[in-house]
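Commentary on secondary and tertiary structure
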Amino acid sequence: MLAGSAAAQDLTLSLSIYTDAKTGINFTNWGTPGANGAGAFNFGFVLPPDALQKDATEYIGRLQCQSSNASTTGWCGIAHGGHMPSDLLLMVWPYNGHVYTSFRFVGDYFKPSLFGGETGSNGTSAAFPAPVLSVISTAVSTAANTTANASSSFYEIIYRCQNCWSWQQGSYNESVHTALQPGDAESVLVLGWAQATKGPTNPACTGNGLNFGFHDSGYGQWGASLSNATRTGYEAWTKLATQVPNLGGSNDTAASCQAKAAPSAAPSAVPTAAARRTVKVDW
Ligand code: HEM
C-alpha cells in the first residue's frame, strides 16, 4: 500500500496563463496548490499555430516544481498520453544548479527505465522517431520555504520537445492527437503528472541506472483543453531552444550508475489498449 496515494490523486490542477518574463512565452499552465513543502506542481505548454487542424509532433513546455527544502529537492514529470504504463514519460530534477531530464518508459506500475532501452536508441523507427529534448532555460532556487512563500524552493525547466506526441517501444506504439477529431466539440489531450519529495540518489546518471522512488508528492491525470494552447509565435520561440539537456553533463559510466536498484517486481508485458482504458480518468 502506498501511503497517501489516494489523497495525492485527488489534487486538482487549476488552469492559468503563465508568461515567462525572459522569453515572453505565455504558457497555458496547469498547477497544484503548494503548501509547506508539498505540492506546487506546474506544467504549461504551447503548440504550433496549426495544431488544431494538423496533429502537432512537438511542443514547448515548462515544468516548475516545488522542493521541500534545499536538500530535499525532488523530481517531477509528465506522462504524454496520461498513463504511467506504456506512455512516453519525461522526468526532471535539480542537480548542480541545473535541471536534469530523462525520457522513461515502463510497461506496468514499476520504476520506469530509460526510454528506448539500455542505450535509449532502441525501438524507434522512421514512423516513430525518437523524442528529442532541447533546453531554453533552467532555474533552481534553494531559498527556504516560509509560510509566506511556500514555493520559494523550486526547480524550473523550459524546453522544446520534438517527436513527443507519438512513441514506440518494443511492440507497443501510440500517437496522441492534437487536431480536432471528428465528432469532438474540442481538442483535449489526456496528460498525467507526478511529483516526488526526494530526488534521485545518483542525479548525474540520466540513463538506465538512475535511482529514484515513488511520486509521493502527488500524481494523476487531467484533460488539457488545447483550444487556447496554440501560439502564432511558436516557430520563433523554437529558436531559443539552444542548450543540450543536462548541459551534456550526465555521467552514465560512473560506478554509481551501474549499481541498479532491484525492481520491486518482475516487469510485466505492456498492457493491451483495452486494459489501459480501464485506468480511471478524473477531470
Ligand atoms: C519508482 C518509480 C515509480 C513508481 C514505483 C510508480 C508507481 C506508480 C503506481 C503504483 C501508480 C498507480 C497508483 C494508483 O493507482 O493509485 C502510479 C501512477 C502514476 N504514475 Fe508512477 N511510479 C513511478 C514513477 C513515475 C514516473 C517517473 C512518472 C512520470 C514521469 C509517473 C507517472 C505516473 C502517473 C501520471 C500516474 C497516474 C496515471 C496512471 O495511473 O497511469 N510515475 N505510479
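First, a word on what this report is: a plain description of the structure on this page. (Residues numbered from 1 in each chain as written. Predicted model: local features only at pLDDT ≥ 70, side-chain atom pairs only at ≥ 80, totals over all residues. Heavy atoms only, no water.)

Some details on the overall build of the chain
- For the chain, the helix and strand inventory stands at four helices and 16 strands.
- Relative to its 283 residues, the chain shows a buried fraction of 48%.
- Counted over contacts in the chain with a minimum sequence separation of 6, partners at least 24 positions apart contribute 68%.
- When the accessible area of the chain is evaluated, it comes to approximately 12,700 Å², of which 56% is carbon and sulfur surface. (Helix = DSSP H or I, 4+ residues; strand = E, 2+ residues; numbered from the N terminus. Buried < 20%, exposed > 50% of the residue type's maximum accessible area, 1.4 Å probe, protein only. Contact = heavy atoms within 4.5 Å. Areas by Shrake-Rupley, 256 points an atom, 1.4 Å probe, with all protein chains shown as cover.)

Notes on the coordination of the iron atom of the ligand
- Distances from the iron atom of the ligand to its protein donors, Met84 (SD) and His215 (NE2), fall at 2.0 to 2.1 Å.
- Taken together, the six donor atoms surrounding the iron atom of the ligand define angles of 86 to 179° at the centre, an arrangement classified as octahedral. Taken together, the positions of methionine 84 in the loop between strand S7 (75–79) and strand S8 (89–95) and histidine 215 in the loop between strand S15 (188–196) and strand S16 (219–225) put the pair 131 residues apart, joining distant regions of the chain. (Donors = N, O, S within 2.8 Å, 3.2 Å for Na, K, Ca; no water. Tetrahedral: all angles 85-135°; square planar, octahedral: opposite > 155°, others 65-115°.)

Things to note about the nonpolar core
- Formed by 38 residues in total, the largest nonpolar core has its most connected members in Phe43, Phe45, Tyr59, Leu63 and Tyr159.
- In terms of residue count, strand S12 (residues 153–162) provides more of this core than any other element does, four residues in total.
- When sequence neighbours within four positions are dropped, the list of residues in contact with phenylalanine 45 reads Phe27, Thr28, Trp30, Tyr59, Ile60, Gly61, Trp165, Leu189, Leu226 and Ala229. (Core = buried A, V, L, I, M, F, W, Y, C linked by side-chain atoms within 4.5 Å.)

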